[in-house]
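A structural walkthrough
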Amino acid sequence: MAAVTDSESEVFEITDFTTASEWERFVSRVEEVLNEWKLTGNSTRMSPKKSNYSSGTWEENSQEINFVDFKFSITHYALVQEHENNTNTELEEAPFPFAMQELLCTNNDFPPRAHCLVRWYGIREFVVISPGANVEAIISESKCNLLLSSISISLVNIGCQVPIFVQIQQKWRRLYFGECQGQGVHTEFEMVHLRRVPSQYNHLSGLLDIFKSKTGYTIYPLPPINVAIRFTYILQDWQQHSWPLQPPGLQTRPSTLSTFPHDSASPVNSAPVSFHIALKSDFDNLLGGEVGVEEFGKLPFGACEETISELHLSTTWPDLTEGTVLDNDVYSDLDPLHAPHWSLRIKTVEHPQCLLGDLLTDFFKLLGRKETTEEILGRGSVEEEGKDTSDISSALSKLTEPTASVPMSKLSVSNMVHNARRHIKRHRVIDDCPLGADVLNCILQYLFPDAAVDKTENKTPQTNSFGKHAKNQNTDDLFIQLKSAPVQSLTHRLGLCMCLVNLYHGGLGAVAYLWQEFVLELRYRWENSYQMCGLQEAPDLRCCLLHQKLQMLNCCIKRKQARDSIHKNPERSNETAFQNIHQVTEVTAANSSSQITAVSPGKFLDSWSDSEEEFFECLSDQWDTESPCIRREKDGSKTRAEGRMHPCNNMTLLNSSDLLFIPVTQEPAPMTEDLLEEQSEILAKLGTSAEGAQLRARMQSACLLSDMESFKAANPGSILEDFVRWYSPRDFLEDIVNENGQTVLKGKLSPRMKIPGNIWVETWENAKAIPAHRQRRLFDDTKEAEKVLHYLEVQKPADLSRHLLPCIIHATILKLKEEEAFENIPTVKKNIQKATIQAGKLLQQFHLDDNNLEDCIDSLIAMEMIIAQFRSLKTKLGISEAENEDQREKLRLFLNSLLEEPEVVVIGAGQGKVGGIIHRLFHIAKETAILDKESEQRKEEEKNLTEGDSKIRDFPSPAGREILLRTCIPRPAPYSKALPQRLFCVLTREEFRLVGAFSSDTSFF
C-alpha cells in the first residue's frame, strides 16, 4: 500500500501537444465555411455569354471568422447561372478548374460594371478573405504568407477548386493575392501596384517583355499571345457648350430655353438671384395686366449647374496578336479613330443644384421647425396694446348707441384686407415685414382672382375661372390617389405660393406672414359672405385635411349667403328661400306657388337667425282661412301642412286618400375627416353595453328626427309606415288585396323595424310636426366657420407645411410628367409611375412619416436630375442638328441608353454618325486647349507622343490604358501540361498595376 501511495504522489500534469493551435483552428474554420457554401469539387457550368458579367445577377454571401483576436470577413461572390431555369441546356465538364478556363475567355473583357477581380481576371466565382471593419491592414510579409498558406491547405483538404484571394495592404490599394487548386494544376494570382508608370513599360512592347519573362516563354515554335487593348479618353471641358435652364415663370416649354455659357462669367452661381428677378418681373407684369396670374403658379425646373462632369470614350481593340500591332516608345499603330469598337459612358455631378429640388428640400425642412406664427413675427408691446384698449365701463354705451352704416363702396376686398393688416401691424414691429407689399398683393390676387372684382352690388359667387382649367387638367384621379387637392384649387395654388415664397422671398418668416394674411382674407370673406374660387361645396374626404377645412368654410359662407339673401328679398316665400339654401332642383315655380302657402317673412327670419331657438310659434289667427293644404281631423281640428316639395310618385297615405308629399328637409351637416375621427372616438367610448348602444343610437339619429318632423309637418295624419315607405322602402313589405271589389294597398314593417326598443319607433313617437325651416339647425354654419378659422389661425408653419406637402408632391409629379412628355425618357416615365404609387400609399396615412417622406422627395429630385442630364447631353450631342427624323430618333435612343446603362456601345465606332459627333466634341476641346497658354507644355508633350500624326491630335492623351495579354503554354517545364496564363495591365497618370494569373503543372514539373 505504501508503494502505491508513493507512485500516485509522483504523477505530474500532462501537456497534450495534440491540441489544435490557433492557426489550425483558423484553417478548420475556413474549411467549415467553404463546406457550408458547398464549394467542394468542380461543378459543371455553362460557358459565359457575352456581356453576361455586367448584365447578370451576382450573389454575395459573407461571414466573419477569427484568427486569435484578429477578425476577418470571408465573402463568396458568384454569378447566377442561367441554366437553373433551363433544363435543356448542355453543361460542360472541365478537365481542370473553370476559373483557369475563364482566364482565356474573350466574351467578357473589360466589363463596365463588375468587381475589380472580375474585370482583372475574368472569373465569375471566387472567395475573398479581407480584414474586418475597424481592423488594421495586413502589411507584414510574414502575415501575408501565413494567410496564403492557410488557404492553400484549406483548398487541398476539401478539394475546393474555387479561387480564394486574400486582401493585403490598405484597402484603397486593392491588392489581392490568391490561388486556385485543381487536380494536378495550380494557379497563383499576383499583383504589382506602383504610383508611377516606369518608362520602359509605358507601351505594349515593354509589357510583352514582362509577360514573356514571367511565364518562361522559351519554347519553339512560339505560341501566339492574344492581346486586347482599351484606351479611355476623358472630355471635361464644356466651355464651348451650353447647358439649358428654363427661366421660371417666363417660358413654358423647353424649346424656348435660354442657354448660358458654362464658364466663370455664367449665372450658375447666381441662379436664385436670376430666378428672383424673373419672378419679380412676373409680379410687375401682373400688376400691369400684361401677363396672366397663372404664370405665378408654375414650379421652377432645371439645373443651375452642369450636370455632366465627364464624358468617357473607350476605344477597344478586342482581338489582336503580338505581331499585328506595333506600340513602343517611338511609334504606335493604335489610332482611336480606327479602333473597331467604341463605347461611351458619362460621369454625372453628384447632387447638382436643381431648382425644383431646392424648392422641395427647403420646404421639407419646414416640417422640423417648432416656432409658432406669433414667435416668428413677434408680439407687440404692452403700450401699443393699451392704446387700443378702451375703458370697460363704456362697453354698454358702445353697444347701445346707434352706429352709422358703412358705405358699401368701402367694403371692397382690398380695403378690408388693408385695414385688417394695419390693425395686425400694431401688435408687432412695423419695420419687420418679410414680404413686400407688391409681392403680397400679387400673391393674394393669384390666390383670390375675384378680389379685384367689385362685389358691392352683387355678392353672388363669381364664375370660377379655374374650374374649367382644373377639369381639363384633372382628367385622372391623381389628386385622389395622392390625397392632395384638385389642380388649380385654392389649396393647390396656396401650396405653390408657399413653396416659392419660402425659397425666394424670406423663408420661414415670409411663410408665416403670408399664412397670417391668408387667414385674414378668409375671415374677411366669411364676415362679408364672399365665397372662394377653386373650392367645391362640401368637404371631399378624398382630399387633404386643409382642403376639407377650406371647403367647410366655403360651405358655411354659402349657407350664410343664402340666409342674407332673404333680407334683401323679403317678398320671397320662406319655403322657396329654404329650398335655395339646399339647392333642391326638383322644386318648380308651380309647386312652390300652388302647394306651399307663404309664411310671414319676418317670423321666418327670426326662426333662422343665429339664435338656437328650437321652435317657432305662429300667430293664432294666422291660419283661419281654410286652404287645400289644411287637413281637418275627425275631431274637427285643423292641421296645417307645411314644408311640402311635391308628391311622391302619386302615393297616398295608408290611413287616408291624401297624397304623400316629399318634405323639405335639412341637409346633413358636412364633416371633415378629423371631425369624423373625433366623433368615432366619442361613440367608441360609450362601450358595448345596452345603455351605451341606446345613447349611441340617439346621438346618430339627430338627422332622422329632423326628417321625421319635416315629414309629419308635410303629411298631417301620417304614420310610421308612411315615413318608412318614403325613407326606407326596403323596410316596408307591400301587400295588395281586394276589399269590396276595390284594390287596397296594405303592408307591414320589416322584422328589424319591429324589434323591441327600435330607435325608429321611439324617434317617431317623440317627433313633432315641425317644418324644416322652423327646426333647430343641424348644421350651425356660424359655429363651424369660427371653428375652422380658429383651427387655421393656430397652425404653425410646420403644421401648414405638413398639410400642404401632398399638394406639393402632386404638383411636382405633374411637373415631372410634363417635362418627361416633352423629352420622352422611358426611365423617368417608369420612375414617375413607381414614385406615384409610393407617394399614394404614404400620403393616404393620417399621420405621415418624415423618413418615408424624405425618401419619396429624394426620388422625385433624382428624376429632375435625370431630365437635366438628358437635356445637357441633347444639347452637346446636337440632336436638333440631325438631318432627318430617323437620325434624331436614333440619337434620342442612344441618350436614353447612356442614362440607363453604365456603358453604351457606339454603333459604327469612329466612322458612324454618333462617332463623328463625339470626335467633333474632342476636336473642339483640343482647339480650345491650344488657345490656352497654360496648356502649351501639355501640347508639346502630346506632340512628341503623336510624332506628327494629325488624326491622333484630335484626341488628348488617353487618361487610362488597359492591356490584356493571354496565352496557353506549358509551365514550368516544356513537357508540362499547357495551361492558361494571363496578365492584365492598367496604366494611368497616378497608377501602374500588373495583375497576373500564372498556372503551373504540379504533376509533371
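Look above for the structure.
Before going into details, it helps to say that this report is about the structure given with it.

The rules we used
- Residues numbered from 1 in each chain as written.
- Predicted model: local features only at pLDDT ≥ 70, side-chain atom pairs only at ≥ 80, totals over all residues.
- Heavy atoms only, no water.
- Helix = DSSP H or I, 4+ residues; strand = E, 2+ residues; numbered from the N terminus.
- Areas by Shrake-Rupley, 256 points an atom, 1.4 Å probe, with all protein chains shown as cover.
- Disulfide = S-S within 2.5 Å.
- Buried < 20%, exposed > 50% of the residue type's maximum accessible area, 1.4 Å probe, protein only.
- Salt bridge = Lys/Arg side-chain N within 4 Å of Asp/Glu carboxyl O.
- Phe/Tyr/Trp six-rings, centres within 6.5 Å; stacked < 30°, edge-to-face > 60°.
- Lys NZ or Arg CZ within 6 Å of the ring centre and 35° of its normal.
- Pairing = 2+ DSSP bridges.
- Polar contact = N/O pair within 3.5 Å; in protein donor to acceptor, adjacent residues only side chain to side chain.
- Axes fitted to C-alpha atoms, helices over the stretch in contact; angles between N-to-C directions.
- Parallel < 35°, antiparallel > 145°, perpendicular 65-115°, else oblique.
- Left-handed = near helix turned anticlockwise from the far one by under 90°.
- Contact = heavy atoms within 4.5 Å.
- Nonpolar A, V, L, I, M, F, W, Y, C, P; charged D, E, K, R; others polar.

1. A look at the overall build of the chain
The secondary structure content of the chain amounts to 34 helices and 21 strands. Split by element, the accessible area of the chain, about 51000 Å² in all, is 51% carbon and sulfur.

2. A word on the state of the cysteines
A complete count under the given rule lists zero disulfides for this structure. Cysteine Cys543 shares no disulfide, and the gap to the nearest cysteine sulfur, in Cys544, comes to 6.6 Å. Residue Cys543 is classed as buried on the basis of its relative accessible area, which comes to 1%.

3. Side note on the pattern of salt bridges
Going through the model one piece at a time under the given rule, you end up with 29 salt bridges. Ionic pairing is found between Arg230 and Glu903, a salt bridge with its closest N-O pair at 2.6 Å. Highlighted residues: Arg230 in strand β7 (residues 226-235) and Glu903 in the loop between α32 (885-900) and β18 (904-906), separated in sequence by 673 residues. Residues Arg230 and Glu903 agree in their burial class; the two are buried. Residues Glu521 and Arg525 are paired through a salt bridge, measuring 2.9 Å at the closest nitrogen-oxygen approach. With Glu521 and Arg525 both in helix α18 (residues 508-527) and four residues apart, the pair spans about one turn of that helix. A relative accessible area of 2% means that Glu521 is categorised as buried.

4. Focus on the packing of aromatic side chains
By the definition in use, this model includes 26 aromatic pairs. Aromatic side chains Phe126 and Phe165 sit 6.2 Å apart centroid to centroid with 85° between the ring planes, which places their arrangement in the edge-to-face category. With Phe126 in strand β3 (residues 125-131) and Phe165 in strand β4 (residues 164-168), the pair connects residues that are 39 residues apart, well separated along the chain. When sorted by exposure, Phe126 lands in the same class as Phe165, which is buried. By way of ring pairs, the aromatic residues Phe711, Phe723, Trp726, Tyr727, Trp760 and Trp764 are connected into one cluster. Across from the ring centre of Tyr791, 4.5 Å away, lies the NZ or CZ of Lys549, which sits over that ring. The ring of Trp764 carries the charged tip of Lys712 above its face, separated from the ring centre by 4.6 Å.

5. Digging into the pairing of strand β5 (residues 175-181)
Of all seven residues making up β5, six are buried, and the element is well covered by its neighbours. Pairing between β4 and β5: five bridges, direction antiparallel. Its bridge partner lying in β5, Gln167 is registered against Tyr176. Hairpin connection from β4 to β5: six residues lie between these consecutive antiparallel strands, with Gln169 at a positive phi of about 60°. The pairing of β5 with strand β6 (residues 185-194) spans four bridges and is antiparallel. When the bridges of β6 are listed, Cys180 appears paired with Thr187. Counting the residues between successive antiparallel strands, the hairpin from β5 to β6 contains three residues, one of them, Gly184, with a positive phi of roughly 80°.

6. Observations regarding the side chain of Ser150
When you line up the elements, Ser150 lands in helix α6 (residues 141-158). For Ser150, a relative accessible area of 1% translates into the label buried. Separated by 2.8 Å, the side chains of Ser150 and Trp23 make a polar contact.

7. Thoughts on the packing of helix α9 (residues 355-365) against helix α29 (residues 797-823)
At a closest axis distance of 11 Å, the pairing of α9 and α29 adopts a crossing angle of 165°. When the axes of α9 and α29 are compared, the pair comes out roughly antiparallel. Between α9 and α29 lies a crossing whose hand is left-handed. Between α9, through Leu356, Leu360, Phe363 and Phe364, and α29, the contact on the second element is made entirely by Ser801, Leu804, Leu805, Ile808, Thr812 and Leu816. A class-by-class count of the residues in the contact of α9 with α29 yields eight nonpolar, two polar and no charged.

Shape descriptors only; they carry no functional weight alone.
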